[in-house]
Amino acid sequence: MTRFIFITGGVTSSLGKGLTSAALGALLQARGFKVRLRKLDPYLNVDPGTMSPYQHGEVYVTDDGAETDLDLGHYERFTGVPTRKTDNVTTGQIYSKVIAKERRGDYLGATVQVIPHVTDAIKEFIRADIGDEDFVICEIGGTVGDIEGLPYLEAIRQLGNELGPERSIFVHLTLVPYLAAAGELKTKPTQHSVKELQSVGIQPDIMVCRCDRPIPAEAQRKISLFCNVRPSAVIQALDVDTIYAVPRAYHEEGLDDEVCRHFGLTCPAPDLARWDSITERIRKPDGEVTIGVVGKYTSLLDSYKSLAEAMTHGGIANNVRVNVNWLDSEIFESDGAIQRLEDVHGILVPGGFGERGAEGKIAAARFARERKVPYFGICFGMQMAVIEAARNLAGIPGAGSTEFGPCEDSVVGLLTEWTAGNSIERRNVDDDYGGTMRLGAYPCTIEAGSRVHSIYGATEIDERHRHRYEVNINYRKVLENAGLHFSGLSPDGELPEIAELEDHPWYIGVQFHPELKSKPFEPHPLFTSFIEAAVAQSRLM
Ligand code: GLN
């Protein structure tokens, strides 16, 4: 029997609903339950793929090729359950579906309305594609009171009614702010938020209250009384020093106990040894390294969420703290700035789009190559490293990417046809912008004996992609002769997936996004190896 946990948020955004959902998932999993997590996003975009990273942060890509909300990254990192297309829905998708049905005549002449047609479509999404999961945790994006969120609240209210309390529970996350002038924590915003929820017919069963200091018993009693939840269901959620301490912290406050009590489940306490050892390693590292990340969206670090986590995981594997210098690549386009890379133990150029700052990334790749600093190029970072090697090693001065317009030697170019499994996928230059990249998991064949072979310990891997352009295989020979080796290719040998520089301590570019699959309890081998190389570099400096 699958039970549904609905998580809403109140008072303000950025309270960490995604993390709360992920941590609750991890706790239930640690009690032996099978979980799935889902995100319902009330915005009108069909997916976040077309949104600027400044607006939305990272776009998280699933194995089956969906461009989704970054919270799905938290879900995977905390539970290890691979997310799917069916785990993230937006108002854009819901309406597209409803309108397509209307056009087909499926509504048999009915007036199509938010209730019941849109709410039905939302309920269908929530219940679709579920197997033998014990729990499906559904996070509702946005904040209670948002106009866009209303159909979702109505849908989960209806579903709560249909399923009954034995199969559904409502968890509400709020903020209990400290007011310096009054010298106390204030519960009023929480009370108002719950009133708002109650006005749409939802009575939360559990209140999770974010706070920067312990909530006094009196304030907890107030929340219980005014929000109509039992005292034990008022869970304080104090700030913690690392996100991987959140499952333990919530357990100590009784969150998972309360969920089990609600459903009448008697089960042993969760085994949190995995989480304790991760936090222990994060809190007591055996040294530190500094990585320079040369990117474009460095003013909004949510744009690099999975990347930052994957570096932390690489640190956990090597027992070191990873400090990150987030550097805007544009600075490396002016003279002298490259010196800012002198102190770092590794350089990472992450994924990116567009011409702005590209030359700065190429300069960073050159610095890493010439100064023998470990270099990790991811997607755009691999493309820029290949262009750098083409220009400065292989003697192709006009090497560039057609992403920036026509160029003399398109070492990186738009691919309009490729194989995906047994079929061929095609794209046109004037196709829609949304959802038309090479997306999702693709296999890659690794050359035996290469550095990446020893890193992965395998010759067949699959990794997730999100890009429109590819390194042009026709330049393979000239680049390999110059020392840049293509040690990973698509199984048909047409698409360069991994490039590594010979005669360098650690210089690897990958066309895919390994950061998306890294987990704290299963650090991605490329990140483990990169951080290991940075540790070695730090000993030389
Ligand atoms: N802009 C490049 C492309 O579309 C790289 C994309 C990325 O780094 N994710 O191919």
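Preceding block: the structure.
Position numbers for residues start from 1 in each chain and track the written sequence from start to end. Residues qualify for local features only when their pLDDT is at least 70, as the model is predicted, and side-chain atom pairs are given and counted only at 80 or more; totals for whole chains, interfaces and linings, by contrast, use all residues. Computation of side-chain values: all heavy atoms of the structure, hydrogens and water removed.

A. Representation of the overall build of the chain within the structure. Along the backbone of the chain there are 17 helices and 25 strands. The C-alpha atoms of the chain give a radius of gyration of 25 Å, which matches the 24 Å a tight globule of 541 residues would have. The principal-axis extents of the C-alpha atoms in the chain amount to approximately 75 × 60 × 45 Å. Averaged over its 55 positive side-chain charges, the chain has a centre that lies 5 Å from the centre of its 76 negative ones. Runs of E in the DSSP output that reach at least two residues are strands. Runs of H or I that reach at least four are helices, and both are numbered from the N terminus. Radius of gyration here uses only the C-alpha atoms, and the compact-globule reference equals 2.2 Å multiplied by the residue count raised to the power 0.38. Within this scheme the basic residues Lys and Arg register as positive and the acidic residues Asp and Glu register as negative, but His and the chain ends are omitted. Here the site of a charge means NZ on Lys, CZ on Arg, CG on Asp, or CD on Glu.

B. The packing of aromatic side chains, seen in detail. To pair, rings of Phe, Tyr and Trp, with the six-membered ring standing in for Trp, must have centres within 6.5 Å; the planes then decide the type, stacked if under 30 degrees apart, edge-to-face if over 60, and tilted in the middle. Counting across every chain of the model gives 17 aromatic pairs. Pairing F33 with F135 gives two aromatic rings, centres 5.2 Å apart and planes at 90°, and the pair type is edge-to-face. Here F33 is found in the loop between α1 (17–30) and β2 (35–41), whereas its partner F135 is found in strand β6 (residues 135–140), with 102 residues between them in sequence. Burial status follows relative accessibility: with a 1.4 Å probe on protein chains alone, a residue under 20% of its type maximum counts as buried, one over 50% as exposed, and anything between as partly exposed. On the basis of relative accessibility, which here comes to 14%, the residue F33 falls in the buried class. Ring plane angle 15° and centroid distance 5.5 Å describe the contact between Y304 and W326, whose orientation is recorded as stacked. Here Y304, found in the loop between β12 (288–295) and α12 (305–318), pairs with W326, found in strand β13 (residues 321–328); they are 22 residues apart in sequence, far enough to count as distant.

C. Local environment of the packing of α1 against helix α3 (residues 71–79). Lines are fitted to the C-alpha atoms to define the axes, a helix being fitted only along its stretch in contact, and any angle between axes, read from their N-to-C directions, falls within 0 to 180 degrees. In the contact formed by α1 and α3, the axes pass within 8 Å of each other and the chain directions differ by 25°. Taken as axis vectors, α1 and α3 run roughly parallel relative to one another. Helix-helix and strand crossings are classified by hand; for α1 and α3 the assignment is right-handed. For the pair formed by α1 and α3, the contact residues are G18, L19, S21, A22, A23, G25, A26 and Q29 on the first element and D71, H74, Y75, F78 and T79 on the second. The residue inventory of the contact of α1 with α3, partitioned by class, reads six nonpolar, six polar and one charged. Oblique is the label for any angle not under 35 degrees, not over 145, and not in the 65 to 115 range, which are roughly parallel, roughly antiparallel and roughly perpendicular in turn. We call a crossing left-handed when the near helix sits turned anticlockwise from the far one by less than a right angle, and right-handed when that turn is clockwise. Contacts: residue pairs with any heavy atoms within 4.5 Å of one another. Residue polarity is assigned by list, with Asp, Glu, Lys and Arg as charged and Ala, Val, Leu, Ile, Met, Phe, Trp, Tyr, Cys and Pro as nonpolar; anything else, Gly included, falls into the polar class.

D. Geometry of the nonpolar core. Take the buried Ala, Val, Leu, Ile, Met, Phe, Trp, Tyr and Cys residues and link them wherever side-chain atoms come within 4.5 Å; each set so joined is a nonpolar core. Counting residues in each nonpolar core, the largest one holds 54 residues, and the members touching the most others are I5, L28, F135, I206, V208, Y250 and V259. A per-element tally of this core places α1 first, with seven residues. When neighbours within four sequence positions are excluded, L28 is seen to be in contact with I5, F33, V35, F135, I137 and V259. I347, A368, F486 and L489 belong to the second largest nonpolar core, which has 40 residues in total.

E. Representation of helix α7 (residues 188–199) within the structure. Its 12 residues give α7 an end-to-end C-alpha distance of 16 Å, which sits within 8% of 16 Å, the value for a rise of 1.5 Å per residue. Here α7 has its buried residues at T190, Q191, S193, V194 and L197. One side of α7 holds all its buried residues, which, seen down the axis, span an arc of 165°. Relative to its buried face, α7 has exposed residues pointing more than 90 degrees away, namely K195 and S199. Just downstream of α7 lies G201, where phi reads positive at about 90°. To estimate how far a helix should reach, multiply one less than its number of residues by 1.5 Å. By construction, the arc corresponds to the directions joining the helix axis to the C-beta atoms.

F. Quick peek at the packing of helix α11 (residues 273–283) against α12. Relative to each other, α11 and α12 sit at 90°, their axes nearing to 9 Å. The orientation of α11 with respect to α12, classified from their angle, is roughly perpendicular. Across from I278, R281 and I282 in α11, the residues of α12 making contact are T312, I316 and A317.

G. Molecular detail of the sheet that holds strand β16 (residues 399–401). Two strands qualify as a pair provided that DSSP identifies no fewer than 2 bridges between them. Strand order across the open sheet formed by three strands is β16-β17-β22, with mixed pairing between neighbours. Here the strands that pair on one side only, and so sit at the sheet edges, are β16 and β22 (469–471). Strand-to-strand twist in this sheet, taken as the mean axis angle between neighbours without regard to direction, amounts to 30°. Sheet topology places strand β17 (residues 409–414) next to β22; three bridges connect them, and they run antiparallel. Residue pairing across strands places L414 opposite Y469, the latter belonging to β22. Of the strands in this sheet, β16, β17 and β22 touch helix α14 (residues 380–392), which is tilted by about 160° from β16.

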